[in-house]
Amino acid sequence: MPNHNVIRNRQSTTSPVDLAQNGAELAGLTAELAPLYGDQSAVQAERYVDALTQFSAFAGPGPAWLFRAPGRVNLIGEHTDYNNGFVMPIALDRDILLVVRPRRDRTVRLANIEPEFEQSAFTVSEEIPQASPGHWSNYVRGAAQMIARLAPDAFTGMDCLAVGAAPLGLARGSGLSSSSALTVSATLALAHFAGLNLPPEQFVQICSDAEWYVGTRGGIMDQFISLLARRDHALFLDCRPDVNGQYATRHVPLPAAYQILIADSGVHHSNVRGEYNKRVASCRIGVASLRRKHPGITHLRDVHSIPWGELAPSLPEQIGAVKAATSGLLDTDIPGLEPADVLHVRACCRHVWHENHRVEQALAALDSGDIAAVGALLQAAHASARDDYAISTPEIETLVASASAAPGVVGARLTGAGWGGCVLVLVRQEEAVHAAGVIQNSFLSAHGRVPTIFPCRTGAAAGLVATVDA
Ligand code: GLA
């Protein structure tokens, strides 16, 4: 299991309810949360206390374990992770908090502090049926199934309250990886109670498998940054494992004189999974096409050092899903892929090939303090995501265009999977507030509403925060 941010075991004699009523405890909790949340720890302490109170109402008084996992914003490296490429995400101080107590009857009971996410319960087994498609509990079901397969006898069950979005956490569909944060925190809890001590690579794989259970053929970026986050740093991650199954990572300090703003388009397309999986399929067809000339490759990353001009002619401009399957270019089942789908293979591969190079260049530019170069790479990454990967929306375009013209901004791009979600804006510290106002005004003129923009405060790695004994 990854290094936990175990602040310490709270050997408190107060129950969660008492804790909520006790100002001294609140102050103590604030101090304990400081390494995780910095100057936000007092607000977070109130959130934790509220969570404990609600957990008591849900599960009754008694001991509780607090696990958390941060969401992320991706600086650069979009749709490269499932191609074994490079990414550079940053963990946010916005996280999913789980308040948990183990059970002995192989039942998981789930509640969510946000009333729109209904309660759910399931029996733990190695084959857990999904709730309805899109149901939030599926991420926990996926995690429980994976842990049950690893430790069929050890695993028991749990009562669990999830504390996500408003006002401090992650909104679903904002592209800040709340789903992975939920999966990671649930897997942490389940592995903990099953007595499993997993290395990060295996832990990440389990979380990724849990998300495949839900249906998205995603990569490993979100899970890795959640586990390995360091405040004030991005994480450079090479998503291609070495022969021992290890991944190369490097924590990269963020430039102190600059601020990252996150502008939420407020748009979340409902068919992200289908569109996402179409891009995954396009990349796989690209690999299968290239394999004719480059036998043995398994991912687009494997042709990273071959000039794009040499690769492009081997890639079909576009191909229908049925033809791809019957001609042996797509041999795996991809959920959500329809027979009528047309896959834009060459453009997708062009994005991935160039994006990997951009991540390497951004790393070098950050190392040398060349922030203007970082900004130019963000702009280029956005153009590629829009034109080649086709994942932008009108609202995202408004945000990027207005940010690019705002004072002090060195670069802006769509961040996350796409089809809505958020834009990342890199701006000189002293002009961040002004730039945010300019972006909001432009968006208001174009779309009739003011978008939420907030500064990216970095977060700490996922882990067990504390236990509270009754
Ligand atoms: C989602 C997936 C990630 C990654 C991004 C796009 O967040 O979960 O694995 O593919 O999209 O970069």
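Residues numbered from 1 in each chain as written. Predicted model: local features only at pLDDT ≥ 70, side-chain atom pairs only at ≥ 80, totals over all residues. Heavy atoms only, no water.

1. Some points on the overall build of the chain
Quick note on the threshold: We count a stretch as a helix when DSSP gives it H or I for four or more residues in a row; a strand needs E for two or more, and each element gets its number in order from the N terminus. For this measure, only C-alpha atoms enter the radius of gyration; the expected value for a globule follows 2.2 Å times N^0.38, where N is the number of residues. Computed with a 1.4 Å probe, the accessible areas rest on the Shrake-Rupley method; for each residue, only the protein chains presented here act as cover. Charge assignment: positive for Lys and Arg, negative for Asp and Glu; neither His nor the chain ends contribute. For this purpose, a charge sits on NZ of Lys, CZ of Arg, CG of Asp or CD of Glu.
Scanning the chain for helices and strands turns up 14 helices and 15 strands. Scaling as 2.2 N^0.38, a compact globule of 470 residues should have a C-alpha radius of gyration of about 23 Å, and the chain matches this with 22 Å. Oriented by its inertia axes, the alpha-carbon framework of the chain measures out at about 70 × 55 × 40 Å. Taken as a whole, the chain presents about 17600 Å² of accessible surface, with 52% of it coming from carbon and sulfur. Taken together, the 36 basic and 45 acidic charged side chains of the chain have centroids lying 3 Å from each other.

2. Quick notes on the site of the ligand
Spelled out, the test is: Only heavy atoms are used to decide nearness, and a residue is near a molecule or strand if one of them lies within 4 Å of it. Two N or O atoms form a polar contact when they lie within 3.5 Å of each other; inside protein one atom must be a possible hydrogen donor and the other a possible acceptor, and for residues adjacent in sequence the pair counts only when both atoms belong to side chains.
The ligand sits among R72, E78, H79, D81, Y82, G219, M221, D222, Y276 and A417. At a separation of 2.8 Å, an oxygen atom of the ligand approaches a polar side-chain atom of R72. Here an oxygen atom of the ligand and a backbone polar atom of G219 are 3.0 Å apart.

3. A look at the confidence of the model for the chain
In regions of low pLDDT, the predicted coordinates are not meant to be interpreted in detail. Here is the rule we go by: The quantity called pLDDT is the predictor's confidence in a given residue, expressed from 0 to 100. Whether two residues touch is decided by their heavy atoms; if any such pair falls within 4.5 Å, the residues are in contact.
With 91% of its residues at a pLDDT of 70 or more, the chain has an overall mean of 90. The low-confidence segment residues 1-20, where pLDDT is below 50, has 64 contacts with residues more than four positions distant or belonging to other chains.

4. A closer look at the pattern of salt bridges
The line we're drawing: The rule for a salt bridge is simple: a side-chain nitrogen of Lys or Arg has to be within 4 Å of a carboxyl oxygen of Asp or Glu. Think of it in three bands: residues with accessible area under 20% of the maximum for their type are buried, residues over 50% are exposed, and the middle band is partly exposed, with areas taken using a 1.4 Å probe on protein chains only.
Scanning the model with the defined rule gives 22 salt bridges in all. A salt bridge links R386 to E397, with the nearest nitrogen and oxygen atoms 3.1 Å apart. Taken together, the positions of R386 in helix 12 (residues 371-387) and E397 in helix 13 (residues 394-404) put the pair eleven residues apart, joining distant regions of the chain. Using a relative accessible area of 34% as the deciding quantity, one classes R386 as partly exposed. A relative accessible area of 22% places E397 in the partly exposed class. Each of R103, D105, R109 and D159 takes part in salt bridges that share partners, so that together they form one network.

5. Thoughts on helix 12
Put simply, the rule reads: One less than the residue count of a helix, multiplied by 1.5 Å, gives the span that helix is expected to have.
The first and last C-alpha atoms of helix 12 sit 24 Å apart over 17 residues, in line with the 24 Å expected at 1.5 Å per residue. Of the residues making up helix 12, those classed as buried are I371, V374, G375, L377, L378, A381, H382, S384 and A385. Those residues of helix 12 that are buried are in contact with strand 9 (258-268), helix 11 (345-367), helix 13, strand 12 (409-415) and strand 13 (420-428).

6. Overview of helix 11
If you check helix 11, its first and last C-alpha atoms are 33 Å apart, about what 23 residues at 1.5 Å a residue would give, namely 33 Å. Just downstream of helix 11 lies G369, where phi reads positive at about 75°.

7. Overview of the state of the cysteines
When the sulfur atoms of two cysteines share a covalent bond, that bond is a disulfide. What counts, and what does not: Whenever a pair of cysteine sulfur atoms sits within 2.5 Å, that pair is classed as a disulfide.
One pass over the full model with this rule turns up zero disulfides. With no disulfide of its own, C239 has C283 as its nearest cysteine by sulfur position, at a separation of 13 Å. Residue class for C239 comes out buried when judged on its relative accessible area of 1%. Take C422: it sits in no disulfide, and the sulfur closest to it among the cysteines is that of C456, at 11 Å. Note on C422: relative accessible area 0%, which makes it buried.

8. With respect to the sheet that holds strand 1 (residues 64-74)
Quick note on the threshold: Here, strands pair whenever DSSP counts at least two bridges between them. To get an axis, a line is fitted to the C-alpha atoms, and for a helix only the part in contact is used. The angle between two axes follows their N-to-C directions and goes from 0 to 180 degrees.
Strands sit in the order 5-4-6-3-1-15 across an open sheet of six strands; the sheet is mixed. Edge positions in the sheet fall to strand 5 (120-123) and strand 15 (463-468), since each has one partner strand and no second. On average, each strand axis in the sheet is tilted by 25° relative to the strand beside it, whichever way the strands run. Pairing of strand 4 (residues 107-112) with strand 5 involves four bridges; the strand directions are antiparallel. Considered in strand 5, the bridge of R109 is made with A121. Where helix 4 (residues 137-150) meets the sheet, its contacts fall on strand 4, strand 5 and strand 6 (157-163), and the angle it forms with strand 5 comes to roughly 20°. Contacting strand 1 and strand 3 (89-103), helix 7 (residues 221-228) crosses the sheet at an angle of about 125° to strand 1.

9. Digging into the sheet that holds strand 8 (residues 249-253)
Spatially, three strands are ordered 2-7-8 in an open sheet, and the strand pairing comes out antiparallel. Every other strand in the sheet has two partners, leaving strand 2 (86-87) and strand 8 as the edge strands with one partner each. Here strand 7 (residues 233-238) pairs with strand 8 via five bridges, running antiparallel. Within strand 8, the residue paired with L237 across the bridge is T249.

10. Observations concerning unusual backbone geometry
The general pattern is negative phi for most residues beyond glycine and trans for most peptide bonds. With a phi angle near 65°, N84 is a residue other than glycine that sits in the positive phi range. Along the chain, N84 falls in the loop between strand 1 and strand 2. When its relative accessible area of 11% is taken as the criterion, N84 is described as buried. Of note, the phi angle at S177 is positive, near 70°, even though the residue is not glycine. In this structure, S177 sits in the loop between strand 6 and helix 5 (178-193). On the basis of relative accessible area, S177 is assigned to the buried category, the value being 11%.

11. Digging into the environment of H344
As for its placement among the helices and strands, H344 is situated in the loop between strand 11 (342-343) and helix 11. Owing to a relative accessible area of 40%, H344 belongs among the partly exposed residues under this scheme. Along the primary structure H344 and Y389 are separated by 45 residues, whereas in three dimensions their C-alpha atoms are 8.5 Å apart. Filtering out sequence-adjacent residues up to four positions away, H344 remains in contact with S282, E317 and Q318.

12. Observations concerning the pairing of strand 7
Burial of strand 7 is extensive: six of the six residues sit out of reach of the surface. Side chains of strand 7 alternate between two faces, with H233, L235 and L237 and A234, F236 and D238 buried alike. Where strand 2 and strand 7 come together, two bridges link them in antiparallel fashion. Each bridged residue has a counterpart across the sheet, and for V87 the counterpart in strand 7 is L237.

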